[in-house]
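Residue-level structural notes
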Amino acid sequence: MINPFKSKELVTSALAGRNLRNQLINSNLANVDTPFYKARDVEFETALVRRANEIFKKEQGKELELAKTSDNHQEPWKFPDPSKSTIYLRDGHLARNDANTVDLDVETTEMSKNTVMITALDGVLRRQSNIFSSIIDASSKLS
């Protein structure tokens, strides 16, 4: 399949990450009164930046390679894996008396930011498809 836009993979991955963040925020809000519930979030931006650098061929060779003097040496282990999204417990918020860490103000703010980003990413996908459609329409009128 022809992919006229290199960034389409990044935009769709970002939308998937934003969708997962939206689900976690909704889960946090649904459990605002659940004792011992810990607020969760997802970190997917690092994986997107890494993939963007691969696609656009930036920052190649900037990672220091581990010297292997024997085939028996183990490959270096990266934690967390920078090529994958990571769900984590959101800390930095004081737990209430019931040990719940969901902060209603933080969750609603994060939901608003996430909604704006989803709208922007959706707009990018729409513009890309409109450009492709207009190219097809223009080429069909040439004959």
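The sections below set out a description of the structure shown in this document. (Residues numbered from 1 in each chain as written. Predicted model: local features only at pLDDT ≥ 70, side-chain atom pairs only at ≥ 80, totals over all residues. Heavy atoms only, no water.)

**Section: the overall build of the protein chain**
A count of helical and extended segments in the protein chain gives three helices and two strands. Shown N-terminal to C-terminal, the secondary structure of the protein chain runs as helices and strands in the order α-β-α-β-α. Burial status across the protein chain gives 22% buried among its 143 residues. Here the contacts in the protein chain between residues at least 6 apart in sequence split such that 76% fall between residues at least 24 apart. Carbon and sulfur atoms make up 57% of the accessible area of the protein chain, which amounts to about 10600 Å² in all. (Helix = DSSP H or I, 4+ residues; strand = E, 2+ residues; numbered from the N terminus. Buried < 20%, exposed > 50% of the residue type's maximum accessible area, 1.4 Å probe, protein only. Contact = heavy atoms within 4.5 Å. Areas by Shrake-Rupley, 256 points an atom, 1.4 Å probe, with all protein chains shown as cover.)

**Focus on the nonpolar core**
Listed in full, the ten residues of the largest apolar core are Leu10, Val11, Ala14, Leu24, Val42, Phe44, Leu48, Ala52, Ile55 and Leu121. Listing elements by their share of this core, those giving two or more residues are α1 (8-30) and α2 (45-55). Residue contributions to this core peak at four residues, all from α1. (Core = buried A, V, L, I, M, F, W, Y, C linked by side-chain atoms within 4.5 Å.)

**A short note on the pattern of salt bridges**
Applying the stated criterion across every chain, the model contains ten salt bridges. With its nearest N and O atoms 3.3 Å apart, the salt bridge here joins Asp41 to Arg90. Placement of the pair is Asp41 in strand β1 (residues 40-43) and Arg90 in the loop between β2 (86-89) and α3 (104-141), with a sequence separation of 49 residues. Both residues of the pair, Asp41 and Arg90, count as buried. (Salt bridge = Lys/Arg side-chain N within 4 Å of Asp/Glu carboxyl O.)

**Regarding unusual backbone geometry**
Trans is the prevailing form of peptide bonds, just as negative phi is the prevailing case for residues other than glycine. Phi angles above zero are rare outside glycine, and Phe36 is one such case at about 70 degrees. Structurally, Phe36 is set in the loop between α1 and β1. With relative accessibility at 64%, the residue Phe36 sits in the exposed group. Within the chain, Ala99 stands out as a residue other than glycine whose phi angle is a positive 70 degrees.

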